Amino acid sequence: MRKLVVGSRRSQLALTQSKQFIERLKAVHPGLEVEIKEIVTKGDQIVDRQLSKVGGKGLFVKEIQNELFSKDIDMAIHSLKDVPSVLPEGLTLGCIPDRENPYDAYIAKNHIALKDLPAGSIVGTSSLRRGAQLLSYYPHLEIKWIRGNIDTRLKKLQTENYDAIILAAAGLKRMGWSDDIVTSYLDDGSIIPAIGQGALGIECRADDQELLALLSKVHNADVEACVTAERTFLKEMDGSCQVPIGGHAIIDDQRHIRFTGLIMSPDGQQRFQHTAVGQDPIAIGKEVSEILKQQGAYEVIQSLNES
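Numbers given for residues are sequential positions, taken from 1 along each chain in its written order. Only residues with pLDDT of 70 or above have their local features reported here, since the model is predicted, and side-chain atom pairs are shown and tallied only from 80 upward, although totals for entire chains, interfaces and linings are computed over all residues. Think of the side-chain values as coming from all heavy atoms in the structure, minus any hydrogens and water.

**Student:** Help me out: how do you make sense of the packing of helix 10 (residues 281-295) against helix 11 (residues 297-306) in this one?
**Tutor:** Between two packed helices, both the angle of their axes relative to each other and the distance between the axes serve to describe the pair. Fitting a line to C-alpha atoms yields each axis, with helices limited to the stretch in contact; the angle taken between N-to-C directions then spans 0 to 180 degrees. What counts as a helix is a DSSP run of H or I of at least four residues, what counts as a strand is a run of E of at least two, and both are numbered from the N terminus. Packing of helix 10 against helix 11 brings their axes to within 5 Å, and their N-to-C directions diverge by 80°. Considering their axes alone, helix 10 and helix 11 lie roughly perpendicular with respect to each other. Only A297, Y298 and E299 of helix 11 make contact with helix 10, whose side of the interface consists of L292, K293 and Q295. Put simply, angles under 35 degrees are roughly parallel, angles over 145 are roughly antiparallel, angles from 65 to 115 are roughly perpendicular, and the rest are oblique. Here, two residues are considered to be in contact whenever any of their heavy atoms come within 4.5 Å of each other.

**Student:** Honestly, the nonpolar core in this entry has me stumped. Any pointers?
**Tutor:** A general tendency of soluble globular proteins is for nonpolar side chains to be buried together. The definition of a nonpolar core used throughout is a set of buried Ala, Val, Leu, Ile, Met, Phe, Trp, Tyr and Cys residues joined through side-chain atoms within 4.5 Å. Only protein chains enter the calculation, and the probe is 1.4 Å; a residue is then buried if its accessible area is under 20% of its type maximum, exposed if over 50%, and partly exposed in between. Formed by 22 residues in total, the largest nonpolar core has its most connected members in F233, M237, I245, F259, I263 and L292. Going through the elements one at a time, helix 9 (221-236), strand 11 (245-251), strand 12 (257-264), strand 13 (271-278), helix 10 and helix 11 are the ones with two or more residues in this core. In terms of residues, this core owes the most to one element, helix 9, which gives 5 residues. In this view, M237 contacts I245, I263, S289, L292, K293, A297, Y298 and I301; residues no more than four positions away in its chain are not counted. Counting residues in each nonpolar core, the second largest holds 17 residues, with I22, I77, L200 and V218 among its members.

**Student:** I tried to follow the packing of helix 9 against helix 10 on my own but got confused; where do I start?
**Tutor:** Running from N to C, helix 9 and helix 10 point in directions that differ by 35°, and their axes come no closer than 7 Å. Along this stretch, helix 9 crosses helix 10, giving a crossing that reads as right-handed. Taken together, the residues of helix 10 that come into contact with helix 9 (itself represented by A225, T228, A229, T232, F233 and E236) are P281, I282, G285, K286, V288, S289, L292 and K293. When residues are sorted by character, Ala, Val, Leu, Ile, Met, Phe, Trp, Tyr, Cys and Pro go into the nonpolar class, Asp, Glu, Lys and Arg into the charged class, and all the rest, Gly among them, into the polar class. For the contact of helix 9 with helix 10, the residue count by class is 7 nonpolar, 4 polar and 3 charged. The sense of a crossing depends on the near helix, which, turned anticlockwise from the far helix by less than a right angle, makes the crossing left-handed and, turned clockwise, makes it right-handed.

In C-alpha cells, the structure reads:
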C-alpha cells in the first residue's frame, strides 16, 4: 500500500478523530504510512457569526474536497454531520466506521437538571436544531449563541453569562472528557440529534480502488444503513444550516431500521416529526420526508432558505 495523505480540519477535535481513525487503519494494515495534512475551511475562518447566518452547504468540507480533486490528499476524515447529502461527482464515502455516542450532552453549572433551570436561564448553543427543540419544551429559557472548541465553550460556561451549554457527546468522548462533566445526555426523547451526529465519513476519490479496498476493512454496515436513512431525509427535505433539522436512526432488536426525522421553526413553535421502521434506508428516509412535507414542513424550510 502506498503512503497515504489524509486531509483534516485544523481543529483539535478534527485532528484527534483523524489520528484515532488512522490507528484503526494501521491495526488492519500494520506498517501503513500515513501523513496528515491540515486544511483550513471557510467554516473554520468564520468565528464571529452564526454559521446559519452565512448560508451555503459544505462550509467545513469544500476546501478539503478540492484537495481530493487535485490529488494533494488521498482521503478526508470528516464529521459526517458536516458533509452535505450530495457529494460532488467523482468523490465517494469510502467508509463509515463505528459510530460514537450520537446524542447531545447537557452541561450545567452545579449540575442543575434541565427541567429545573429557572425562567430566564441562559443556555449556550450554536445549533438552531438544539435551540428550537429546547424552546419547544422550555419556552422560559433563553438561548444564547456560543462558538469555539470544546475547551473554549466549557470555559465560557464558567466565566461568562451562561447557566448551561449543550455540546455533541461524540466530541467530548473523542477528546477524552469524563462522563462526570456531563449533567445528562439528551436522547431521542428530548433532543433529536443532528443528521449523522457521532459518525465519521471517510471521503475519497471514487476510482481509488486500492484505498477503497483498505477502507472496506474498517467499514460498519449497520452504521452506514442508519446514516443513509438520515442523509436521505436531509436530501429530500433540502435541509441546510438555516433549518432546524434533526434525524436519528438505529437498528432495533428485529434488525429493522427505526428512523425519526424532525423539522422545526427556529422559535420552537412549529414541530414536524415522524418515525418510520423498515429495512431499506433510502425508502425510510423518503417515507419520513414525504409525511413531514404533507404536514407542512417543507413550507417552513422554503421560507427559511429564502430568508
